[in-house]
Amino acid sequence: MRNLTKIGGAAAIAAALTLTACGGGGTPTGPETAKGQESGSDLSKLISINEKPAADLEQGGKVTLPLGSIGPDFNGFSNNGNSSDNSALMAPINPVAVTGGGIGGCWKVDFEGKATPNKDFCESVESEVVDGKQTVTIKVNDKATYNDGTPIDIKAFQNTWNILKSPDAGYDIVTSGAYEFVESVEAGSSDKEIIVKMSQPVYPLEDLFFGLIHPAVNTPEIFNEGFVGEMHPEWMAGPFELDQYDAAAKTVTLVPNEKWWGNKPVLENVTFRQLETSAQIAAFKNGEIDAMSANTIALYKQLEGTNNSEVRRGQRLFAGGMNINAQRITDVAVREAIFAAVDREALRKVRFNGLNWEEPSSGSMMLLPFSEYYQDNYPVKETGPDAAKKVLTDAGYAPNAAGIMEKDGKPAAFKISNFGDDPTTLAFTQTLQKQLQAGGMDVGIDQRASADFAKVVGGREFDLSVSGYTVGADATSAVKQYYDSKTNENKLGDAELDKKIADLASIEDNAERNKAAMDVEKEHMAKYFSMGVVMNGPQISFVRTGLANYGPSLFQSLSQVPDWTTLGWEKK
């Protein structure tokens, strides 16, 4: 599956069964035992990166990594470009804009999810509330400049605000987040000092300017269409720069950016290749790529024993499994019946079979069970075929001659979109299909290539997809992205919930604010049934021996590279 990510920026959408990595060695029966953590646990158990100082690594070298899809829309701020693959691709070349990982714009996030200013772009971010008015002062790094020579200054901050502050301005944004509460963005003592005034206090502060948009991207046409098939490296800024994008070969190559003012990268070349899962297996075994996720037993078995490789294992920052398109499955009773029909434990057994992975049953799209703020919000307590049929019967459905529940001659019928060619992924989808069929629904499978994921899910060309979103350390921005009626992709919600979402953003206390967000999720799920959490899951990565600073990184990196300038090879 893919993830949508939510750490300071918008959560990126991701395929639910995307391969991921966990630390530990392999055995003939699968990886060593590991489990998802609960509140108060030692989160270091969920990180495995072979950490080494850059000074101890070989200078130069090349790393090649796979992606399920490259493009076609490279604008991560738009719905069509909001995917975990796109975030991974952009992290080394455009961290000033990346919104789906541990770094973006003014902020960087550590392993545990704590945000601090990213001094490559913003040397300091300070906030004070005077007479109920929050004022944020940002000091921008004097050296910060886009590749085309445009300074990163007041114009970039104003442009970002103008685009993201409202979903009604014609820009296909993922969410307006905290920007709707920004009253003004003005220059202070210079164009590198940014004064942001809020109409109401907003917390956490990192929900603002976790990603900046180049001033040249200033019309809906450019924003919505200008990045389709075009990467626009001139509008980027980062330690690497684009060397070549070959759409036919489905590869992107990067080299160190001579204009970069921050720490210089260790590597001299990075290549991303778009590969289906089966092709990744062959490429890793042949030494053509240097890492790949193996989050299903079929993948693990095929990679086990590969020469010059090791397993790194941790927690995948993902929540989901049932992503329902309410614009196609319009009857809320059918959506509730889907939730009721699903046996989540049985699905997890299929998904994690042979991986020696256990996890608490998750009931939130916004936080993982190890979060101190987590609560189980899954809206259905009675589950199974009879429970699903009762939901439909109570809504006026009755079985037709084929045993399918229908109402006014219209059957409860839809398809599940399955992506890629991994057999465990397909088995999961087929098990879900059977559970829903047992609940009286007519359910087919729409099989798609991994490369179609961003197009299908971002373009809402599905009924139900086995996908979800990346998970952050704080629920404040996620609750707006998923449950505000004006910004969530299903347009589901109501004025009462929207007001609660707007109000909670002003709660300074982290625990109180997150509790309010979780309560909104609980109420929204029970009313609208749009996103169902089946699993979180492990990250299990096969990595070339000697590759340093790569692997499961919790909140610091959703793409398993905590710092692109320190990724490299151990000295031989």
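Residues numbered from 1 in each chain as written. Predicted model: local features only at pLDDT ≥ 70, side-chain atom pairs only at ≥ 80, totals over all residues. Heavy atoms only, no water.

### Things to note about the overall build of the protein chain
Scanning the protein chain from terminus to terminus reveals 13 helices and 31 strands. Taken over the C-alpha trace, the protein chain has a radius of gyration of 23 Å; the compact-globule value for 572 residues is 25 Å, and the two agree within 12%. Expressed along its principal axes, the backbone C-alpha trace of the protein chain runs to roughly 70 × 60 × 45 Å. Counting only contacts in the protein chain whose residues sit at least 6 apart along the sequence, the fraction spanning at least 24 positions is 72%. For the protein chain, the accessible area works out to roughly 20700 Å², and carbon and sulfur atoms hold 47% of it. Here the protein chain contributes 53 positively and 76 negatively charged side chains, and the mean placements of these two sets differ by 3 Å. (Helix = DSSP H or I, 4+ residues; strand = E, 2+ residues; numbered from the N terminus. Rg over C-alpha atoms; globule rule 2.2 N^0.38 Å. Contact = heavy atoms within 4.5 Å. Areas by Shrake-Rupley, 256 points an atom, 1.4 Å probe, with all protein chains shown as cover. Lys, Arg positive; Asp, Glu negative; His and termini not counted. Charge placed at Lys NZ, Arg CZ, Asp CG, Glu CD.)

### As for empty space enclosed by the protein
This structure, assessed with the given rule, holds 7 cavities of 30 Å³ or more. Of the pockets and cavities examined, the largest cavity occupies roughly 300 Å³. Around the largest cavity sit 27 residues that line it, and Asn 75, Gly 76, Phe 77, Asn 94 and Ala 97 are the ones nearest its centre. Counting residues per element, the lining of the largest cavity draws most heavily on helix H1 (residues 84-90), which supplies 3 residues. (1 Å grid on protein atoms, 1.4 Å probe; cavity = no way out; pocket = protein on both sides within 12 Å on 5 of 7 lines; lining within 4 Å. Points joined across faces, edges and corners; volume = space filled by probe spheres on them.)

### Some words on the sheet that holds strand S8 (residues 107-109)
Spatially, S7-S8-S9 is the arrangement adopted by the 3 strands of the open sheet, whose pairing is antiparallel. Edge positions in the open sheet fall to strand S7 (103-104) and strand S9 (115-117), since each of these has one partner strand only. Sheet analysis places S8 next to S9, joined by 3 bridges and oriented antiparallel. The partner of Trp 107 across the bridge, within S9, is Pro 117. (Pairing = 2+ DSSP bridges.)

### Points about the nonpolar core
Formed by 108 residues in total, the largest nonpolar core has its most connected members in Ile 138 and Met 366. One finds Ala 294, Tyr 300, Val 391 and Met 405 within the second-largest nonpolar core, a separate group that totals 49 residues. (Core = buried A, V, L, I, M, F, W, Y, C linked by side-chain atoms within 4.5 Å. Buried < 20%, exposed > 50% of the residue type's maximum accessible area, 1.4 Å probe, protein only.)

### Brief notes about helix H9 (residues 423-438)
Each α-helix turn comprises 3.6 residues. Residues three or four places apart therefore point the same way. Along its 16 residues, H9 runs 22 Å from first to last C-alpha, staying within 8% of the 22 Å computed at 1.5 Å per residue. Within H9 the residues assigned to the buried category are Thr 424, Thr 425, Phe 428, Thr 429, Leu 432, Gln 433, Gln 435 and Leu 436. Gly 440 sits one or two positions beyond H9 and adopts a positive phi of about 95°. (Expected span 1.5 Å × (residues − 1).)

### Observations concerning the state of the cysteines
As enumerated under the stated definition, the model contains 1 disulfide in all. The disulfide bridge from Cys 106 ends at Cys 122, spanning 2.0 Å between sulfur atoms. Taking the torsion about the S-S bond as the criterion, the Cys 106 to Cys 122 disulfide, at about -45°, is left-handed. With a gap of 16 residues between them, Cys 106 in the loop between S7 and S8 and Cys 122 in strand S10 (residues 122-130) connect regions that are remote in the sequence. Exposure class is identical for Cys 106 and Cys 122. Each is buried. (Disulfide = S-S within 2.5 Å.)

### Brief notes about the packing of aromatic side chains
Per the stated rule, a full pass over the model turns up 18 aromatic pairs. A centroid spacing of 5.8 Å and a plane angle of 80° characterise the contact between Phe 121 and Trp 261, whose relative ring orientation is edge-to-face. Within this pair, whereas Phe 121 is found in the loop between S9 and S10, its partner Trp 261 is found in the loop between strand S15 (251-256) and strand S16 (269-274), the two being separated by 140 residues in sequence. Here Phe 121 and Trp 261 have matching classes, each one buried. Here the aromatic residues Phe 121, Trp 260 and Trp 261 are joined through ring pairs into a cluster of three or more. Directly above the aromatic system of Phe 318 lies the positively charged group of Arg 316, at a separation of 4.4 Å from the ring centroid. (Phe/Tyr/Trp six-rings, centres within 6.5 Å; stacked < 30°, edge-to-face > 60°. Lys NZ or Arg CZ within 6 Å of the ring centre and 35° of its normal.)

### A short note on the pattern of salt bridges
Counting across every chain of the model gives 21 salt bridges. Of the charged contacts, one joins Glu 496 and Lys 500 as a salt bridge, the two residues approaching to 3.8 Å between their closest N and O atoms. Highlighted residues: Glu 496 and Lys 500, both in helix H12 (residues 495-504), separated by 4 residues, approximately one helical turn. Using a relative accessible area of 34% as the deciding quantity, one classes Lys 500 as partly exposed. Through salt bridges that share partners, Asp 494, Glu 496, Lys 500, Glu 523 and Lys 527 make up one connected network. (Salt bridge = Lys/Arg side-chain N within 4 Å of Asp/Glu carboxyl O.)

### Focus on the side chain of Asn 377
Its location among the elements puts Asn 377 in the loop between strand S20 (357-358) and helix H8 (385-394). Since its relative accessible area comes to 1%, Asn 377 is described here as buried. At 2.8 Å, the side chain of Asn 377 and the side chain of Glu 521 are in polar contact. Once you skip the residues sitting within four places of it in the chain, Asn 377 turns out to touch Gly 363, Met 518, Glu 521, Lys 522 and Met 525. (Polar contact = N/O pair within 3.5 Å; in protein donor to acceptor, adjacent residues only side chain to side chain.)

### Focus: the confidence of the model for the protein chain
Mean pLDDT for the protein chain: 90, with 92% of residues reaching 70 or above. Note on residues 1-8: pLDDT is under 50 here. Beyond four places in sequence and across chains, it has 82 contacts. Counted against residues more than four places away or in other chains, residues 18-30, with its pLDDT under 50, gives 69 contacts. (pLDDT = per-residue confidence, 0-100.)

### Topic: unusual backbone geometry
Cis rather than trans, the peptide bond between Gly 71 and Pro 72 has omega equal to 5°. Along the chain, the position of Pro 72 falls in the loop between strand S6 (62-67) and H1. For the bond running from Tyr 203 to Pro 204, omega is -5°, close enough to zero to count as cis. Within the element layout of this structure, Pro 204 appears in the loop between strand S13 (193-198) and helix H3 (220-225). The backbone of Asp 408 shows a phi angle near 55°, a positive value even though the residue is not glycine. In this structure, Asp 408 sits in the loop between strand S22 (405-407) and strand S23 (410-411). A relative accessible area of 78% places Asp 408 in the exposed class. Notably, Arg 460 is not glycine yet its phi reads approximately 60°, a positive angle. Along the chain, Arg 460 turns up in the loop between helix H10 (453-458) and strand S26 (464-465).

### Digging into the packing of H12 against helix H13 (residues 510-528)
It is at 10 Å that the axes of H12 and H13 come closest, and there the two elements cross at 165°. In this view, H12 runs roughly antiparallel relative to H13, as classed from their interaxial angle. In this structure, H12 meets H13 at a crossing whose hand is left-handed. For the pair formed by H12 and H13, the contact residues are Glu 496, Leu 497, Lys 500, Ile 501 and Leu 504 on the first element and Arg 513, Ala 516, Ala 517, Val 520, Glu 523, His 524, Lys 527 and Tyr 528 on the second. Within the contact of H12 with H13, the residues separate by chemical class into 7 nonpolar, 1 polar and 5 charged. (Axes fitted to C-alpha atoms, helices over the stretch in contact; angles between N-to-C directions. Parallel < 35°, antiparallel > 145°, perpendicular 65-115°, else oblique. Left-handed = near helix turned anticlockwise from the far one by under 90°. Nonpolar A, V, L, I, M, F, W, Y, C, P; charged D, E, K, R; others polar.)

### Here's the deal with the pairing of strand S11 (residues 133-140)
Inspection of the sheet shows S10 paired to S11 by 8 bridges, in the antiparallel sense. When the sheet's bridge partners are listed, Ser 127 is paired in S11 with Val 136. Following S10, the chain reverses through 2 residues before pairing antiparallel with S11; Asp 131 in that reversal takes a positive phi of roughly 55°. Two elements, S11 and S13, share 5 bridges in a ladder whose sense is antiparallel.

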